[in-house]
Amino acid sequence: MPWDCPTTTITDAQPTVARYLEAVSGLGELIAIKQAELTPAGRLHRYSWEHLEDEHGFLTDQALDPEEDPLEAIPAEEFQRVWTQ
């Protein structure tokens, strides 16, 4: 298995959508395996290998770059709270 454990959970707060990502490090890159997007209206859109895309968006197919993207690490419990709401 090419992934190093443990996973990393991060959030990317944009003015319009709060994006939460669960990512793993593999092959020298940080890869999103789950993505939750929470809109200002409270709608939650979830993406993972089980549900890659829909009419609202999709699981990112690009490696995350913490040096270029404004990312903040959050506790795994916070990600799970958002993911399961």
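Residues numbered from 1 in each chain as written. Predicted model: local features only at pLDDT ≥ 70, side-chain atom pairs only at ≥ 80, totals over all residues. Heavy atoms only, no water.

**A short note on the pairing of strand β4 (residues 44-48)**
Move 1: The buried fraction of β4 amounts to four of the five residues, a majority that puts the element mostly inside the structure.
Move 2: The sheet contact formed by strand β3 (residues 29-38) and β4 spans five bridges and is antiparallel. Paired with Lys34 across the strands is Ser48, a residue of β4.
Move 3: What sits between the antiparallel neighbours β3 and β4 is a turn of five residues, in which Gly42 has the positive phi angle 90°. (Buried < 20%, exposed > 50% of the residue type's maximum accessible area, 1.4 Å probe, protein only. Helix = DSSP H or I, 4+ residues; strand = E, 2+ residues; numbered from the N terminus. Pairing = 2+ DSSP bridges.)

**Quick word on the confidence of the model for the chain**
Move 1: Residue-level pLDDT values for the chain average 82, and 82% of them are 70 or greater.
Move 2: Ranking the helices and strands of the chain by mean pLDDT puts β4 first, with 95, and strand β1 (residues 3-13) last, with 49.
Move 3: pLDDT under 50 marks residues 1-7. Its contacts with residues more than four places away, or in other chains, come to 13 contacts. (pLDDT = per-residue confidence, 0-100. Contact = heavy atoms within 4.5 Å.)

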